[in-house]
Amino acid sequence: MHENMLRKFTSCIVAVTLFVLCGFTTNVRAGACIVPQPLKGQEMHVLRVDEDALPSDIVLPRPRLDGRIVGGYKVNITDAPHQISLQTSGGHICGGSIIANRWVLTAAHCTAGKTAEKLKVRIGSSQESTGGQLLRVKEIVQHEKFNYSNVDYDFSLLHLDKEIQYSDNKKAIKLPEEEDQFMDGDICYVTGWGNTQNASESRQWLRQAEVPLFNHELCSEKYKQFGGVTERMVCAGYMEGGKDACQGDSGGPLVSKDGVLVGVVSWGYGCAKPEYPGVYSRVQYARDWVRKHSGV
Ligand code: ARG
């Protein structure tokens, strides 16, 4: 009797987690949330296949249209030269940031269950499927405390097998130091090739949205039915919604006006919904962990 209830409770938690991480539109394989399912149906019964959908995309019904690197605009890789596209044989799965010649920081939920040989990193291109360079990953260093059920400690380091030669379109982003102070309302920029959920906005080109840092307590309150947000998380977005990261942006950078990597795209309830800001892994929290594992 008790065991049965426990089992039901556990599967409920797992279902809620996958929903929050993956949204309606993602495809769940082997317990991992695999990226953006560009879905353009306005209504539950209207299903259209997006022209830039990946071959592996599974099109599922959506109850409503609620997101895109929502409220964003096209940018060039030279505007975000730290941005990378993390790929498997099926193409783009996540974003990430160059933090040193041989190191990329991304989200742990992007690397969970993956092996280094299966991953590639595209650098120096505004398009996720072409251009720039494709580099191999030598080693994945996933945060040892990453917790799938509440998405805590959502950090992973990728050790590249070749050194990146910096140029206008590939460059490391500055990491925050312990003493840096980030304030509620500070404008940050999130970039990625994630879901635009808008047929007229291609996912092929890198996009950016401006989002202010959101009060931590208020964010935790808004997300209390999802267990709240931890000290390893930072929220950004507008109370009224409209601008946000979305599926496929995970692992990517949230950068302050001073060019400091404040967050890593992690999760959220839908995308750009009012009252539900985007949740990012707080890079400042992982500063020592990054140093310990990469020397950066
Ligand atoms: N977990 C998503 C991914 O794997 C990112 C979701 C971000 N959601 C948001 N509303 N900011 O790509």
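Just above, that's the structure.
Conventions adopted
Residues numbered from 1 in each chain as written. Predicted model: local features only at pLDDT ≥ 70, side-chain atom pairs only at ≥ 80, totals over all residues. Heavy atoms only, no water. Phe/Tyr/Trp six-rings, centres within 6.5 Å; stacked < 30°, edge-to-face > 60°. Buried < 20%, exposed > 50% of the residue type's maximum accessible area, 1.4 Å probe, protein only. Lys NZ or Arg CZ within 6 Å of the ring centre and 35° of its normal. Helix = DSSP H or I, 4+ residues; strand = E, 2+ residues; numbered from the N terminus. Contact = heavy atoms within 4.5 Å. Disulfide = S-S within 2.5 Å. Pairing = 2+ DSSP bridges. Axes fitted to C-alpha atoms, helices over the stretch in contact; angles between N-to-C directions. Salt bridge = Lys/Arg side-chain N within 4 Å of Asp/Glu carboxyl O.

Undergrad: Help me understand the packing of aromatic side chains, please; the structure alone is not making it clear to me.
TA: To describe a pair of aromatic rings, one takes the distance between the centres and the angle between the planes. Going through the model one piece at a time under the given rule, you end up with 9 aromatic pairs. Consider the rings of tyrosine 269 and tyrosine 276, whose centres lie 4.8 Å apart with planes at 65°: the pair is edge-to-face. Under the relative-accessibility criterion, tyrosine 269 is labelled partly exposed at 24%. Look at tyrosine 276 and you get buried, because its relative accessible area is 18%. Taken together, the aromatic side chains of Tyr223, Phe226, Trp267, Tyr269 and Tyr276 make up a single cluster linked through ring pairs. Over the face of the ring belonging to tyrosine 285 we find arginine 232, whose NZ or CZ atom lies 5.4 Å from the ring centre.

Undergrad: I'm lost on the side chain of serine 256 in this one. Help?
TA: Within the secondary structure layout, serine 256 lies in strand S13 (residues 253-256). Ignoring sequence-local partners within four residues, the contact set of serine 256 consists of Phe182, Ile187, Cys188, Tyr189 and Val262.

Undergrad: When you look at the state of the cysteines in this model, what are you seeing that I'm missing?
TA: Simply put, the disulfide is a covalent bond whose two ends are the sulfur atoms of two cysteines. All chains considered together, the criterion is met by 3 disulfides. Disulfide pairing places cysteine 219 opposite cysteine 235 at an S-S distance of 2.0 Å. Looking along the S-S bond of the cysteine 219-cysteine 235 disulfide, the torsion reads about -80°, which is the left-handed sense. Pair noted here: cysteine 219 is in helix H3 (residues 216-222) and cysteine 235 is in strand S12 (residues 233-236), with a separation of 16 residues, a long-range link. Across the pair, cysteine 235 and cysteine 219 agree in class, each one buried.

Undergrad: How should the sheet that holds strand S7 (residues 120-123) be read in this particular structure?
TA: Strands pair in a sheet through their backbones, by hydrogen bonds, and they do so in one of two ways: parallel or antiparallel. Taken in spatial order, the 6 strands line up as S4-S5-S6-S9-S8-S7 and close into a barrel, and their pairing is antiparallel. Shown here is a sheet whose adjacent strand axes are inclined to one another by a mean of 45°, direction ignored. The pairing of strand S4 (residues 83-88) with strand S5 (residues 91-100) spans 6 bridges and is classified as antiparallel. Considered in S5, the bridge of serine 85 is made with glycine 95. Against the sheet, helix H4 (residues 287-294) engages S5, strand S6 (103-106), strand S8 (133-142) and strand S9 (156-160), with an angle of about 25° to S9.

Undergrad: Can you walk me through the pattern of salt bridges in this structure?
TA: Proximity of charged atoms lets side chains of opposite charge pair with each other. All chains considered together, the criterion is met by 8 salt bridges. The shortest N-O distance in the salt bridge between glutamate 275 and lysine 222 comes to 2.7 Å. Taken as a pair, glutamate 275 in the loop between strand S14 (261-267) and strand S15 (278-282) and lysine 222 in helix H3 lie far apart in primary sequence, 53 residues in all. With its nearest N and O atoms 2.8 Å apart, the salt bridge here joins arginine 291 to aspartate 288. Separated by 3 residues within a single helix, arginine 291 and aspartate 288 lie in helix H4, roughly one turn from each other. For arginine 291, a relative accessible area of 36% corresponds to the partly exposed category. One network of salt bridges, in which partners are shared, links Glu177, Arg287, Asp288 and Arg291.

Note that every value here comes from positions in space, so none of it alone points to a role or purpose.
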